[in-house]
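Overview (structure and organization)
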Amino acid sequence: MQRLDVETKSKHYEILVDQDFLDLVPAIRGLDKDFSSYHVVSDDNVTPLYQREILDALAGFGKPVHGVTFPHGEKNKNLSTMEAIYQALIENGADRKSLIVALGGGVAGDMAGYAAATYMRGIAYIQIPTTLLSQVDSSIGGKTGIDFNGYKNIIGAFHQPELVYINTATLKTLPRGEFTSGMAEIIKHAMIKDAAYFDFLELERERVQALDHEVLTSMILRSCEIKSQVVSEDETEKGNRALLNFGHTAGHAIERLMDFRMLHGECVSIGMVAAARLSAAEGGFPPAEAERLVRLLEAYGLPLAVPDLSAESVYEELFHDKKTMGNTLTFALCRRIGDSYLSKGTLTKAQILEALDQVMERER
Ligand SMILES: NC(=O)c1ccc[n+]([C@@H]2O[C@H](COP(=O)([O-])OP(=O)(O)OC[C@H]3O[C@@H](n4cnc5c(N)ncnc54)[C@H](O)[C@@H]3O)[C@@H](O)[C@H]2O)c1
Ligand SMILES: O=C(O)C(=O)C[C@@H](O)[C@H](O)[C@H](O)COP(=O)(O)O
Ligand SMILES: [Zn+2]
């Protein structure tokens, strides 16, 4: 098992990376908290795969254990699913000393985390991420929340977990497209912080895609390190945490405009291509490096452009981004691969439209 620390202002916790669930109970025991009951929240794909094993393991604590299942998918990351989760917590007698267990992908993590942030004004939770995306990104850092009227993560709270327990064996059941979606966040980590990691992702692509255990584990660990470092320095996104939003400004807009028919990572991939174009327009990001990004995304099977949207429609959506203050758009951009910065209000509408045009399939 491998361990990493996350040290934010509000909480210190560990990320454990293992190949099974055998150390989960000892890890929870190690938190040294006397939880009164356990509530495992997962979607209807993950429940039949992993919920029973987790419930059985937690039953060893001798306290009530409950499973809560919600319908899978981004379309269900909303208030009505939250209502059902709150209802289940009440019916199952969750109290202030209960532990919520977020089991599944980023959707389960964001919603179970938000339930933990708000139920009885905040209770403890842990993350057991089972998608590549959630293992390297969403389970770490305490951003929790839901979409509302299609606006991405527009309601939410920062609430750090007590523990992140990653069992890489769960990736064996993950559909291929979901694995690919997770690769977008991993490439994002390399783009914003680590050129050598970008080289690694280029060099080791075949072994990554073959789920080679050694390469996969090193990759997950490196991404967890990058994410936890950024989060530890700026827990509540007062500044540089927004670098983790590289590709998300346009990505979230596309996700909404496509009515969530595309996966988060796919939209982030297209958003990163747009961000690379903007980086070139503003900061002189070298065209050869933009090309390397495009080739890497393509090699991992990620999309580079979006069908059936107009640059204008995406541009209008950008103003709903959480980094937008008043009318000032903020973008996470790159000077070079591995070297990122925040650009606040300096790009013109024409520059942004031109970059967006290049990721519109019809207009290419
Ligand atoms: N909080 C954050 O910091 C953060 C970071 C990145 C993304 N996100 C959010 O995460 C969400 C995307 O997460 P995701 O890509 O994990 O999506 P997801 O949670 O919808 O999971 C993807 C699909 O895989 C299934 N699944 C999960 N684990 C499985 C497994 N081991 N085997 C088989 N099927 C499995 C799920 O049922 C689902 O259908 C988005 O809502 C995004 O906004 C949040
Ligand atoms: O943890 C962060 O900070 C991120 O930006 C990680 C992103 O991958 C993630 O999609 C996050 O949920 C986006 O945050 P938002 O504040 O733009 O909704
Ligand atoms: Zn993301």
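Computed from a predicted structure; not experimentally measured. (Residues numbered from 1 in each chain as written. Chains lettered and ligands numbered in written order. Predicted model: local features only at pLDDT ≥ 70, side-chain atom pairs only at ≥ 80, totals over all residues. Heavy atoms only, no water.)

Taken from the UniProt record, the annotation "binding site: Zn(2+)" (unreviewed entry) applies to Glu-185, His-248 and His-264. Spatial clustering of the annotated residues is evident: they stretch over 80 residues in sequence, but the largest pairwise C-alpha distance comes to 9.9 Å. Accessibility expressed as a relative area gives 2% for Glu-185, which makes it buried. Apart from residues lying up to four places away in sequence, Glu-185 is in contact with Leu-133, Asp-137, His-248, His-264 and Val-268. Within the fold, His-248 resides in helix H10 (residues 248-257). Given the relative accessible area of 5%, His-248 is considered buried. When sequence neighbours within four positions are dropped, the list of residues in contact with His-248 reads Glu-185, Lys-188, His-264, Val-268 and Asp-321. (UniProt positions renumbered as here; feature names shortened; annotations may be inferred. Buried < 20%, exposed > 50% of the residue type's maximum accessible area, 1.4 Å probe, protein only. Contact = heavy atoms within 4.5 Å. Helix = DSSP H or I, 4+ residues; strand = E, 2+ residues; numbered from the N terminus.)

Okay, the coordination of the zinc ion (ligand 3) next. The protein atoms donating to the zinc ion (ligand 3) are Glu-185 (OE), His-248 (NE2) and His-264 (NE2), with metal-donor distances spanning 2.0 to 2.1 Å. In primary-sequence terms, the residues that donate to the zinc ion (ligand 3) follow E-x62-H-x15-H. Of this pair, His-248 sits in helix H10 while His-264 sits in helix H11 (residues 264-283), placing them 16 residues apart in sequence. (Donors = N, O, S within 2.8 Å, 3.2 Å for Na, K, Ca; no water.)

Our next topic: the pairing of strand E4 (residues 65-70). Of the pairings in the sheet, the one linking strand E3 (residues 38-43) to E4 comprises six bridges and is parallel in character. Following the sheet pairing, Val-41 is matched in E4 by Val-68. Considered for its hand, the β-α-β crossover made up of E3, helix H2 (residues 46-59) and E4 is right-handed. (Pairing = 2+ DSSP bridges. Right-handed = clockwise from strand over helix to strand, strands pointing away.)

Next up on the list: the pairing of strand E11 (residues 339-344). Moving residue by residue along a regular strand, the side chains alternate between the two faces of the sheet. Here strand E10 (residues 330-336) runs beside E11; their pairing, made up of six bridges, is antiparallel. Opposite Thr-330, over in E11, you have Lys-344 as the bridge partner.

Interfaces are often described in size by the accessible area the parts lose on coming together. For the chain, the assigned domains are domain 1 (2-172) and domain 2 (176-358). Here the C-alpha centre of domain 2 lies 26 Å away from the C-alpha centre of domain 1. Counting residues at the interface gives 33 residues for domain 1, matched by 37 residues for domain 2. Taken over both partners, the interface formed by domain 1 and domain 2 buries close to 3000 Å², and the fraction arising from carbon and sulfur atoms is 65%. Among the residues domain 1 hides against domain 2, the three largest losses belong to Leu-132, Val-136 and Lys-152. Together they make up 20% of the total. (Domains from an automatic or database assignment. Buried area = accessible area lost by both parts, 1.4 Å probe.)

On to the site of ligand 1, then. Neighbouring residues of ligand 1: 28 residues in total, closest Asp-43, Glu-74, Thr-131, Lys-152 and Thr-173. The separation between an oxygen atom of ligand 1 and a polar side-chain atom of Asn-45 is 3.0 Å. Note that a nitrogen atom of ligand 1 is positioned 2.9 Å from one of the backbone N or O atoms of Thr-170. If ligand 1 stood free it would expose 860 Å²; the protein chains cover 93% of that surface. The set of elements that each furnish at least two residues to the shell around ligand 1 consists of H2, helix H4 (106-118), helix H5 (132-138), strand E8 (151-158) and helix H6 (176-193). Tallied by class, the residues present in the shell around ligand 1 amount to seven nonpolar, 11 polar and 10 charged. When residues are assigned to domains, the shell around ligand 1 turns out to be shared by domain 1 (2-172) and domain 2 (176-358), each giving three or more. (Near = heavy atom within 4 Å. Polar contact = N/O pair within 3.5 Å; in protein donor to acceptor, adjacent residues only side chain to side chain. Areas by Shrake-Rupley, 256 points an atom, 1.4 Å probe, with all protein chains shown as cover. Nonpolar A, V, L, I, M, F, W, Y, C, P; charged D, E, K, R; others polar.)

This paragraph deals with the site of ligand 2. Every one of the 14 residues lining ligand 2 counts as a neighbour, but Lys-143, Asn-153, Lys-227, Arg-241 and Lys-322 are closest to it. Within the side chain of Lys-188, an N or O atom sits 3.0 Å from an oxygen atom of ligand 2. Coverage of ligand 2 by the protein chains reaches 92% of its 430 Å² of free accessible surface. Sorting the residues of the shell around ligand 2 by element identifies H6 and H10 as the ones contributing at least two each. By residue class, the composition of the shell around ligand 2 is one nonpolar, five polar and eight charged. Residue-level mapping places the shell around ligand 2 at the junction of two domains, with at least three residues from each of domain 1 (2-172) and domain 2 (176-358).

A few words now on the packing of helix H13 (residues 311-318) against helix H14 (residues 349-357). Contact pair H13 / H14: the axes reach a minimum separation of 9 Å and the direction vectors enclose 125°. Comparing their axes, H14 and H13 come out oblique. Handedness of the H13/H14 crossing: right-handed. Of the residues in H14, those in contact with Ala-311, Glu-312, Val-314, Tyr-315 and Leu-318 of H13 are Lys-349, Ile-352, Leu-353, Leu-356 and Asp-357. Broken down by class, the residue content of the contact of H13 with H14 amounts to seven nonpolar, no polar and three charged. (Axes fitted to C-alpha atoms, helices over the stretch in contact; angles between N-to-C directions. Parallel < 35°, antiparallel > 145°, perpendicular 65-115°, else oblique. Left-handed = near helix turned anticlockwise from the far one by under 90°.)

Under the 1.5 Å per step criterion, the end-to-end length of H2 is 19 Å for 14 residues, consistent within 8% with the ideal 20 Å. Of the residues making up H2, those classed as buried are Val-46, Thr-47, Tyr-50, Gln-51, Ile-54, Leu-55 and Leu-58. Against the buried residues of H2 lie helix H1 (24-29), E3, E4, strand E5 (99-104) and strand E6 (124-129). (Expected span 1.5 Å × (residues − 1).)

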